[in-house]
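# Secondary and tertiary structure notes
Here is how the chains run, residue by residue.
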Amino acid sequence: MELAEGLSDQGVRTTLACVREPSLPFAARARRIPGLSLRVDGASPSGIKAPQEWLLFLEVLTEPDLVQLFIPEHSELVWRSPTVLKITEYCLSTVTRSLIGALVTSHLLVVDSEAKLEKLKNLGSDLTYAAIIQGDKNLGRNYLLAYQETVQAASLDIPSEIPDRFELI
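Here we summarise the structure given alongside this text.

When its secondary structure is counted, the protein chain shows seven helices and six strands. Order of helices (α) and strands (β) in the protein chain, N terminus to C terminus: α-β-α-β-α-β-β-α-α-β-α-β-α. Per-residue burial for the protein chain yields a buried fraction of 39% across its 169 residues. Residue pairs at least 24 apart in sequence account for 47% of intrachain contacts in the protein chain once pairs closer than 6 positions are excluded. Put simply, the protein chain shows about 10000 Å² of open surface, and 53% of that area lies on carbon and sulfur atoms.

So this is what it looks like as structure tokens:
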């Protein structure tokens, strides 16, 4: 929710796909964010175990510039848009096949600290693109810059074997 608020301050429209029915306070907070569309049509009370088809269908409906992911398993889907995966401490502490796959399939990986970046580097290859974006007052602006660089790099269709395909400052 903080990311959606920060992006809204930058003029970014966001579609938030909920796989679990949001609480009333969460839904009320979401309605107050300009440019945020809360999609709950694929949600269930306990969360959908595998909402892949719904997520891909939602991407076709909304035609986003970029897909922000928070679950490594979702990076394995066949997205039409470039993807950014936020890597959490939990992801790094419970390394799965999906996380290892996400290192290759995601266009950009985001962590919030240098320590997490080091852990991430130990898992991946030199071709893993990652950025440190701290959860501070510049969250929306920093994500927007990362998104713009990611979309630009993805549109250039540069082969992944070329290191340093873009730099994120």
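Once you've had a look at it, read on.
Attention now goes to the side chain of K116. Along the polypeptide, K116 turns up in helix α6 (residues 114-123). Exposure remark for K116: the relative accessible area of 13% places this residue in the buried category. A polar atom in the side chain of K116 sits 2.8 Å from the side chain of D112. Among all residues touching K116, those that are not within four sequence positions of it are I87, E89, L92 and V111.

The next subject is the pattern of salt bridges. Scanning the entire structure with this criterion turns up seven salt bridges. In this structure, D112 and K86 form a salt bridge, with 3.7 Å as the shortest nitrogen-oxygen distance. Highlighted residues: D112 in the loop between β5 (108-111) and α6 and K86 in strand β4 (residues 83-86), separated in sequence by 26 residues. Salt bridges here are not isolated pairs; linked through shared partners, they connect E2, E5 and R29.

With that settled, the discussion passes to the sheet that holds β4. Pairing is parallel in the open sheet, where four strands are placed in the order β3-β4-β5-β6. Both outer strands of the open sheet, β3 (67-69) and β6 (130-132), are each paired with one neighbouring strand and no more. Along the sheet, successive strands turn relative to each other by an average axial angle of 25°, direction set aside. Looking at chain direction, β4 and β5 are connected through three bridges and run parallel. Looking across to β5, one finds that K86 is bridged to V110. Its contacts with the sheet put helix α7 (residues 139-156) on β3, β4 and β5, and the angle it makes with β4 is roughly 140°.

For the rest of this paragraph, the subject is helix α3 (residues 52-62). Restricting attention to buried positions, one finds in α3 the residues W54, L55, L58 and E59. Considered in projection along α3, the buried side chains sweep an arc of 140° and stay on one side of the axis. Of the residues in α3, the exposed ones pointing more than 90 degrees away from the buried face are E53 and F57. At the C-terminal side of α3, E63 shows a positive phi close to 50°.

Cut-offs and rules
- Residues numbered from 1 in each chain as written.
- Predicted model: local features only at pLDDT ≥ 70, side-chain atom pairs only at ≥ 80, totals over all residues.
- Heavy atoms only, no water.
- Helix = DSSP H or I, 4+ residues; strand = E, 2+ residues; numbered from the N terminus.
- Buried < 20%, exposed > 50% of the residue type's maximum accessible area, 1.4 Å probe, protein only.
- Contact = heavy atoms within 4.5 Å.
- Areas by Shrake-Rupley, 256 points an atom, 1.4 Å probe, with all protein chains shown as cover.
- Polar contact = N/O pair within 3.5 Å; in protein donor to acceptor, adjacent residues only side chain to side chain.
- Salt bridge = Lys/Arg side-chain N within 4 Å of Asp/Glu carboxyl O.
- Pairing = 2+ DSSP bridges.
- Axes fitted to C-alpha atoms, helices over the stretch in contact; angles between N-to-C directions.
- Arc of directions from axis to C-beta.

Remember, this is a structural readout, not a statement about activity or role.
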